[in-house]
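Structural features, examined
Single-letter residue listing:
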Amino acid sequence: MTRGRLYLIPISLGDAPVERYQPGENLRILSQLTTFVVENAKTARQYIKSVLPESKISELTIYEVDKHNGYAYPVEVMQALLSGTDVGLMSEAGCPAVADPGSLIVKEAHLKGVQVVPLVGPSSILLSLMASGFSGQRFTFLGYLPIDDKKRKNLFADMAHRVRAYGETQIFIETPYRNDKLIAELCKTLPDAMHLCVAVDLTTAGEEIHRHSIKGWKKVASGISLHKRPAIFLIG
């Protein structure tokens, strides 16, 4: 029996016109899929309807991952793939399985001989790295920073060391309401000559990309508020 394909479907990073981030071929594939696995069924339906207004949302089969069980996915997803049904995997923003749940499904698909098809689309990590002017040859994405003060300070010191010793760009994120606090912390902790880039609201009309030395950030930080805005932070 022919197996279905697992399509990895990137979606918007924010409020942006679909043509800004979604190739036409992606929309063609999306329009042909009837089965999806997602984080949140409601927002997934809203997204599909927004980019494909003609879609018959009530006829779609949408499975949610189990957020309370390590983002495990329903067994019906693999059953559908093995029975020949193509399935779309979507995240809440950007690329699925990159700083985002979904890798368990992809891993199982490979183990079961299911073809995995990654589609082109926006990744806030890569877009911010491209726009930072920092090294794209060697970089690390650290995800969310620890909340514990001691662990944060140790991590800042390690990041600074890796930038100086290896030229390795350090990329990380923070809960949006802590953005301004984080910038203040970095200004107190990092050497003045080190550079910090912050990419905010990528691909949207409000997109901003700021890069300064830490010494420069100390001068401009009071005039920049990124409170509650999706942001990516890079040190180089």
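Rules behind the numbers
- Residues numbered from 1 in each chain as written.
- Predicted model: local features only at pLDDT ≥ 70, side-chain atom pairs only at ≥ 80, totals over all residues.
- Heavy atoms only, no water.
- Pairing = 2+ DSSP bridges.
- Helix = DSSP H or I, 4+ residues; strand = E, 2+ residues; numbered from the N terminus.
- Axes fitted to C-alpha atoms, helices over the stretch in contact; angles between N-to-C directions.
- Contact = heavy atoms within 4.5 Å.
- Buried < 20%, exposed > 50% of the residue type's maximum accessible area, 1.4 Å probe, protein only.
- Right-handed = clockwise from strand over helix to strand, strands pointing away.
- Arc of directions from axis to C-beta.
- 1 Å grid on protein atoms, 1.4 Å probe; cavity = no way out; pocket = protein on both sides within 12 Å on 5 of 7 lines; lining within 4 Å.
- Points joined across faces, edges and corners; volume = space filled by probe spheres on them.
- Nonpolar A, V, L, I, M, F, W, Y, C, P; charged D, E, K, R; others polar.
- Domains from an automatic or database assignment.
- Polar contact = N/O pair within 3.5 Å; in protein donor to acceptor, adjacent residues only side chain to side chain.
- Buried area = accessible area lost by both parts, 1.4 Å probe.
- Salt bridge = Lys/Arg side-chain N within 4 Å of Asp/Glu carboxyl O.

What follows is about the sheet that holds strand β7 (residues 169-173). What the 5 strands build is an open sheet, ordered β6-β7-β10-β8-β9; its pairing is mixed. Every interior strand has two partners, whereas the edge strands, β6 (139-144) and β9 (208-213), have only one. This sheet shows a mean twist of 15° between the axes of neighbouring strands, independent of strand direction. The sheet contact formed by strand β8 (residues 195-200) and strand β10 (residues 231-235) spans 5 bridges and is antiparallel. Note that in β10 the partner of Cys197 across the bridge is Leu234. Against the sheet, helix α5 (residues 124-132) engages β6, β7, β8, β9 and β10, with an angle of about 50° to β10. Taken strand by strand, helix α6 (residues 149-166) contacts β6, β7 and β10, and its axis lies near 150° from that of β7.

Alternating positions in strand β2 (residues 35-38) separate into two faces, Thr35 and Val37 on one and Phe36 and Val38 on the other, with burial throughout. Where the polypeptide runs from β2 across helix α2 (residues 41-51) and back to strand β3 (residues 61-64), its parallel neighbour, the crossover connection is right-handed.

Note on helix geometry: an α-helix contains 3.6 residues per turn, so any two residues three or four positions apart are oriented the same way. Among the residues of helix α1 (residues 24-32), those classed as buried are Asn26, Leu27, Ile29 and Leu30. End-on, the buried residues of α1 take up no more than an arc of 165°, which puts them together on one face. Away from its buried face by more than 90 degrees, α1 exposes Gly24 and Gln32. Residues of α1 that are buried make contact with β1 (5-9), β2, α2 and β4 (87-90).

A word on the layout of surface pockets. By volume, the largest pocket is sized at about 640 Å³. At the level of elements, α5, β6 and β10 are the ones that each hand at least two residues to the lining of the largest pocket. Across the lining of the largest pocket, the residue classes break down as 16 nonpolar, 6 polar and 3 charged. Each of domain 1 (5-118) and domain 2 (124-235) accounts for three or more of the residues forming the lining of the largest pocket.

Here we come to the side chain of Thr204. When you line up the elements, Thr204 lands in the loop between β8 and β9. Look at Thr204 and you get buried, because its relative accessible area is 16%. Among the polar contacts made by the side chain of Thr204, one reaches the main-chain carbonyl oxygen of Asp201 at a distance of 2.7 Å.

Below, the discussion takes up α2. Considered for burial, the residues of α2 that qualify are Ala41, Ala44, Tyr47, Ile48 and Val51. Seen end-on, α2 carries its buried residues on one side only, within an arc spanning 125°. Of the exposed residues in α2, the ones pointing more than 90 degrees away from its buried face are Lys42 and Ser50. Those residues of α2 that are buried are in contact with α1, β2, β3 and β4.

Partitioning the protein chain into structural domains gives domain 1 (5-118) and domain 2 (124-235). The C-alpha-based centres of domain 1 and domain 2 are spaced at 30 Å. The partner domain 2 presents 9 residues to the 7 residues of domain 1 that form the contact. Buried surface at the junction of domain 1 and domain 2, summed over both partners, amounts to about 570 Å²; 66% is from carbon and sulfur atoms. Counting the surface domain 1 buries against domain 2, the share from its top three residues, Leu13, Arg20 and Ala99, is 69%. For the interface between domain 1 and domain 2, the tally reads 1 salt bridge. Across the domain 1-domain 2 interface, the total number found is 0 residue pairs in polar contact (both at pLDDT 80 or more). Residues of the side of domain 1 that touches domain 2, tallied by class, amount to 4 nonpolar, 1 polar and 2 charged.

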